[in-house]
Amino acid sequence: MAKKLVRSVWDFENEWVETVAEVPERLPEPWAPDRPLRVAGQKYPRVDGYQRVSGDARYAFDIQLPRMLHGKILRSPLPHARVKQIRAEKALALPGVVAVFTHENIPPIPWYGDSFLFDPHVRYEGDEVALVVAESEAVAEEALGLIEVDYEPLPFVIDPEEALAAGAPKLHDEGNLWNGRPNVYERGDVEKGFQEADVVVEDTFRTQVVHHAQLEVHVCVADWEGDQLTVYETTQATFSVQRSLASILKLPLNKVRVVNYFMGGGFGSKLGLEKQTVLAALAAKQLGRPVRIANPRKDEFLAMGNRPSSIQKLKVGAKRDGTLTAISLWSLGPGGAYRSAGAELGTPVREIYKCPNVRTEESTVYINAGPARPKRAPGHPQGTFALESILDEVAEKLGMDPLEFRLKNYAEIDQVRNRPYTSKYLREAYEAGAKAIGWYEKRNKIPGSGVGPIKRGIGMATQIWGGGGGPPAYATVEIVSDGSVIVRSGSQDIGGGTRTIVAQVAAEELGIPMDRVTVIMGDTALCPYGPTSGGSVTAASITPAVLAAAVEAREQLKGYAASALNVPADQLAWEPGRFFLKSDPGKSISFEEAASRLRSNMIVVTGARGPNPEGYTINSFGAQFAEVEVDTETGRVRVLKIVAAHSVGRLINPLTGRCQFEGGIIMGLGFALLENRWMDPNVGRMINTNLHDYRVPTMMEIPEIEVIIVSEPDTKANPVGGIGIGEPAIIPTAAAIANAVYNAIGVRVRELPITPYRVLEALGKA
Amino acid sequence: MKNFEHVDARSLAEASRLLTEKPSVAIAGGQDLLCMMKDGLLEPARVVNLKSIPGLSRIVYDEAKGLSIGALVTLSELEEHPAVRQLYPAIAQAAGLVGSPQIRNLGTAGGNLCQKPRCWYYRGHFPCLRRGGDYCSAAAGQNRYHCILGGDPCYMVHPSDLAVPLVAFGARVEIAGPKGRRSVPLEEFYIPPRVDVTRETILRPGEVVTAIVVPPARGRISAFVKFAERGAWDFAVASVAVVVQKGEDGKLMGGRVVLGGVAPVPWLAPKASEALTGSELSEAAFGRIAELALEGAQPLAQNGYKVPLTKSLVRKALRMAVNA
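Residues numbered from 1 in each chain as written. Chains lettered and ligands numbered in written order. Predicted model: local features only at pLDDT ≥ 70, side-chain atom pairs only at ≥ 80, totals over all residues. Heavy atoms only, no water.

Taken together, the contacts link 33 residues of chain B with 32 residues of chain A. Regarding the contact of chain B and chain A, the summed buried area is about 2,900 Å², with carbon and sulfur atoms giving 56% of it. Its largest share of buried area at the contact with chain A, chain B owes to Trp-120, Glu-229 and Arg-230 of chain B, together 23% of the area lost on that side. Linking chain B with chain A are four salt bridges, by the criterion used here. Among the salt bridges present, the one from Glu-633 of chain A reaches Arg-315 of chain B, with a minimum N-O distance of 3.3 Å. The interface formed by chain B and chain A contains 14 residue pairs in polar contact (both at pLDDT 80 or more). Looking at the side of chain B that touches chain A, the elements that each hand over two or more residues are α8 (120-123) and α13 (306-323) of chain B. Considering every element that reaches the side of chain B that touches chain A, the biggest residue donor is α13 of chain B, with six residues. (Contact = heavy atoms within 4.5 Å. Buried area = accessible area lost by both parts, 1.4 Å probe. Salt bridge = Lys/Arg side-chain N within 4 Å of Asp/Glu carboxyl O. Polar contact = N/O pair within 3.5 Å; in protein donor to acceptor, adjacent residues only side chain to side chain. Helix = DSSP H or I, 4+ residues; strand = E, 2+ residues; numbered from the N terminus.)

Written out as structure tokens, the structure is:
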């Protein structure tokens, strides 16, 4: 396949990534919206579903290698301290302990910019201090308790506002405020906008720290065969881990293989190389045996990331007729102890609604707590909660229906980049969602006017997100002589069903049944490059590459068909399942017969993902509607129904797509009502490092969920027409629930989670 | 978790002996014990299995003697037992609201009563009076879920759902140990922190709970209400059990109001219990009982909401009991 190099700019988790990408000279013909599809767009159960539910699937956690050793990480029990001395003699004397690694016998590998793999300056409870390697996990764990560490405690700060105060303990030389200044965005003149407004509302909103709480803890197994390193790693980023690990260990890329065939969730907490992976590789090399390191659940809470909390001061101005004149946002959030992920959340304010005057000022501070990491749509659920709450307040002041108010300020173009969207069906989402929830019939015209102690309410919120993906991304399609097909792509299926939709796209274009396609993903040694699974970019990045490869592979197979029929290839045409003679359609040869002519040959085609269209922004949009019931005596909020109406291009598999929405909505519900990281202010340690004090929703909390896809396939975005859905699903849920709670009780809760105590306090009962 | 030996006891006498020879703990369902051991809060040299002792897993109802619940009866057996459901609904309700189905299938009645505190400071290796520390971290820390009654110096809440209706029914606990058997009212089984902040129950080394005996129901009505933040797999923020009789005059008589989730022990509310007698079956009367039940509540900085919440649960439990 002929390829060329282009500059590729695309949206990854709100960051515009610029790379040089190799793309095909000729793009495959897009799957036009009116083209009937047999396999893609249909509900197919996951190709690996049986393996996953039967225990057959081998996760990184399950990997057991001969002579494998087990590592456990000793973590700082203090929020801020200096390690004066580490004595490992007692641990090393424990039978079964093989080695102890600390900053004294591990090279000072840079980490987080100004820190190290093991840094004697520990900056949060959970910071890595030492690694024990032993014959069993139990012995390693016991040995942790035998390592003696002298800490010199340092003053700590865990509150973001206190971290900014003069004289606050400083975590890094640069000071506690990232870059020494806020991130400021400005368009128009907000002061002028507020002067032009007839109504101005100003409020402060707060959201809590929440965790990824994915089922599979972080785990890796490092195995050396000579100078070849294989790492089995639970990761959303096999290629990125490979590159970082090779660079740190000073190995050629072709000596490092990263494997992740199955994964038990990541949600953004597994986007890059982990300290423990480097440690496992170093230890395995030195000890000459494979080393596995699996985190206990507690360490996941302490050290493996979180969605940062936020304080958001919002001010919104509008004219009497509902036209927005100005929005300003000031926000502050903690990035945790190191530079890992920021606390910015202003994209919804800047982009969802048409508004000429917008100013956002976002700050991230260091505090002595676990570093933040991107979590499913970083910034958006919290930013959307505040924005959509205050918009409802403004609408109420104006005496407008919240939906009407939003439609009045509908953004036809991307105002930040001043260009059109490839597709936007948000109006349709509003309409479909409103109808499905019963917006006009059920919503309380006067909030809180329901009779009796148990009150119902309806609320909604809007979502914007990227997910358009882009090159570079490759896939190979291999046709062998029995007509079966192997597809390889270097992304990974992190649980969303990527393997299944890849098979669907290949089966569709090759005109063969799904069970003739095998998909290999998540292995840097076997697969061509595919992107990190983050930012909802996987589907939109790799399925066009699969399509390109499939088209080309079929074209090559046509040559075999032509020789079998003894005609020139250009006289043959294709329809699903067979090649036929244009002049005599009755004369044909099936895909399998043509493939049988391959004998020991095989067709191997590498397809590349084409560039994104110039001059467009690719976004998903959507609206979620919530119906809730609030018990005003106990403060309990029960979500009865969520309607999720989204504009996401083509849904390649409505079944796995629905699962994505369910998962996102449930996670959003946990953010809205239940989940919270509790820190003790007096000692600076996290209190609820387990899954019963850290409450994720159970089946009992899960409401009726209705998913409506309102969009047409977006073939302007890419030839397959899909846009990512993993993150859009979670974004508006909490905001919709919060607005529904207000509609039910007539009192606004401006801080998440909306727990019983917050509701009772808001109602003035406690 | 430290290594330990696991021994099956074949009799109560053997269990007592095994438990006193070296630092040991007894295991029934193990649902709490495993957490305690994994968190490094208990590091026994020996775990003594009680499930190998015959005769401890029966539910027997006798009109004259009442209900006997063997210590090894599982919570799901208790929840589903016809006589318990019919005559002691509050007990069945409480058993059915513990944890999750998986926990109820393994967790036992005796084990549920002997749970260790669930205070996150106690479990999380923070400074804790109960664990020998100098102060209670909850007093000036994160205390949204801590007690509003009977605290000082320890502000834990008792984690058992089952104990709440059992105290309301006037149940007794049967205990076997190295010095023989004894039986105490359940409310005396628990030690308030003011008496001894380091012990939760009166069990002495080598002693185990063998059964819970509930007096005959004799027309008493009952209800249990639990409020937790989550619909399953969660401990009570507050709970209420009411056991009472409807007199022929249409008023209430006798009975008890017991609160869970708000005190370090299952909290028998004496004034509210007394006020049951002669009370009408009206919202106003239930409201007065609810006020009395929370009399003397002393919330900490963050848990004032538990007072109105628990009052609403008292009213709800009374409504449930009289309407059943």
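Residues and elements named next belong to chain B. Tracing the sequence through the fold places Arg-123 in helix α8. Its relative accessible area of 8% is what places Arg-123 among the buried residues. At 3.1 Å, the side chain of Arg-123 and the backbone oxygen of Lys-116 are in polar contact. Within the local environment of Arg-123, its side chain forms a polar contact with the backbone oxygen of Pro-117, the two atoms lying 2.7 Å apart. (Buried < 20%, exposed > 50% of the residue type's maximum accessible area, 1.4 Å probe, protein only.)

Residues and elements named next belong to chain B. Pairing within the open sheet is parallel, and its three strands lie in the order β1-β3-β2. Two strands bound the open sheet, and with one partner strand each, they are β1 (5-8) and β2 (24-27). On average, each strand axis in the sheet is inclined to that of its neighbour by 25°, with strand direction left out of account. Sheet analysis places β2 next to strand β3 (residues 46-49), joined by four bridges and oriented parallel. Opposite Ser-24, over in β3, you have Arg-46 as the bridge partner. (Pairing = 2+ DSSP bridges. Axes fitted to C-alpha atoms, helices over the stretch in contact; angles between N-to-C directions.)

A separate point is the domain arrangement of chain B. All names here are of chain B. The assigned domain composition of chain B is domain 1 (1-49) and domain 2 (57-324). On a C-alpha basis, the centroid separation for the pair domain 1 and domain 2 is 25 Å. Summed over both sides, the interface between domain 1 and domain 2 buries roughly 1,300 Å², with carbon and sulfur atoms accounting for 66% of that surface. Sorting the residues of domain 1 by area buried against domain 2 places Leu-12, Gln-31 and Leu-41 first, and these three jointly supply 35% of that buried surface. At the boundary of domain 1 and domain 2, one finds two salt bridges. Here Asp-32 ties to Arg-118 by a salt bridge, and the two come within 3.1 Å at their closest N and O atoms. Counting every contact that joins domain 1 to domain 2 gives five residue pairs in polar contact (both at pLDDT 80 or more). Looking at the side of domain 1 that touches domain 2, the elements with two or more residues in it are α1 (12-21) and α2 (33-38). It is α1 that contributes the most residues to the side of domain 1 that touches domain 2, four residues altogether. Tallied by class, residues from the side of domain 1 that touches domain 2 come to seven nonpolar, five polar and two charged. (Domains from an automatic or database assignment. Nonpolar A, V, L, I, M, F, W, Y, C, P; charged D, E, K, R; others polar.)

Next up on the list: the packing of aromatic side chains. One pass over the full model with this rule turns up 21 aromatic pairs over all chains. Relative to Tyr-338 of chain A, the ring of Tyr-112 of chain A lies with its centre 4.3 Å away and its plane at 10°, an arrangement referred to as stacked. One end of the pair, Tyr-112 of chain A, is in the loop between β6 (110-111) and β7 (115-116); the other, Tyr-338 of chain A, is in the loop between β18 (324-336) and α9 (347-351), and 226 residues separate them in sequence. Between Tyr-124 of chain A and Tyr-338 of chain A, the ring centres sit 6.2 Å apart and the planes meet at 75°, which makes this aromatic pair edge-to-face. Residue Tyr-124 of chain A is located in the loop between β8 (121-122) and β9 (128-134), and its partner Tyr-338 of chain A is located in the loop between β18 and α9; the two are separated by 214 residues in the primary sequence. For Tyr-124 of chain A, a relative accessible area of 0% translates into the label buried. Through pairs of rings, three or more aromatic residues link up here, namely Trp-678 and Tyr-757 of chain A together with Trp-120, Tyr-145 and Tyr-305 of chain B. The ring centre of Phe-671 of chain A lies 5.6 Å from the NZ or CZ of Arg-307 of chain A, which sits over that ring. Here the guanidinium or amino end of Arg-748 of chain A rests over the ring plane of Tyr-742 of chain A, the centre of that ring lying 4.4 Å away. (Phe/Tyr/Trp six-rings, centres within 6.5 Å; stacked < 30°, edge-to-face > 60°. Lys NZ or Arg CZ within 6 Å of the ring centre and 35° of its normal.)

What follows concerns the pattern of salt bridges. Taken as a whole and judged by the stated rule, the model has 73 salt bridges over all chains. We note a salt bridge from Glu-362 of chain A to Arg-350 of chain A, for which the minimum N-O separation is 2.8 Å. You can see Glu-362 of chain A sitting in strand β19 (residues 358-366) and its partner Arg-350 of chain A sitting in helix α9, a full 12 residues away along the chain. The same class applies to Glu-362 of chain A and to Arg-350 of chain A, which are both buried. For Arg-256 of chain B, the salt bridge is made with Glu-187 of chain B, and the minimal N-O distance between the two is 2.9 Å. Here Glu-187 of chain B lies in helix α10 (residues 186-189) and Arg-256 of chain B lies in strand β11 (residues 252-260), a separation of 69 residues in the sequence.

All names here are of chain B. Where helix α12 (residues 283-293) contacts α13, the axes come no closer than 8 Å and their chain directions differ by 135°. In terms of their interaxial angle, α12 and α13 are classed as oblique. Both α12 and α13 take part in a crossing whose hand is right-handed. Seen from α12, the contacting residues are Glu-283, Phe-286, Gly-287, Ile-289, Ala-290, Glu-291 and Ala-293; seen from α13, they are Lys-311, Val-314, Arg-315, Leu-318, Arg-319 and Val-322. Taken together, the residues of the contact of α12 with α13 break down into seven nonpolar, one polar and five charged. (Parallel < 35°, antiparallel > 145°, perpendicular 65-115°, else oblique. Left-handed = near helix turned anticlockwise from the far one by under 90°.)

Here we take up unusual backbone geometry. With the exception of glycine, the majority of residues adopt a negative phi angle, and the majority of peptide bonds are in the trans configuration. Along the chain, Pro-471 of chain A connects to Pro-472 of chain A via a cis peptide bond; the corresponding omega equals 0°. Along the chain, Pro-472 of chain A turns up in the loop between β22 (454-465) and β23 (474-479). Asp-152 of chain B connects to Pro-153 of chain B through a cis peptide bond whose omega is 5°. Looking at the secondary structure, you find Pro-153 of chain B in the loop between α8 and α9 (163-168). A positive phi is found at Ala-377 of chain A, a non-glycine position, where the angle reads about 65°. By secondary structure assignment, the location of Ala-377 of chain A is in the loop between β19 and α10 (380-398). Take Ala-377 of chain A: its relative accessible area is 0%, and that puts it in the buried class.

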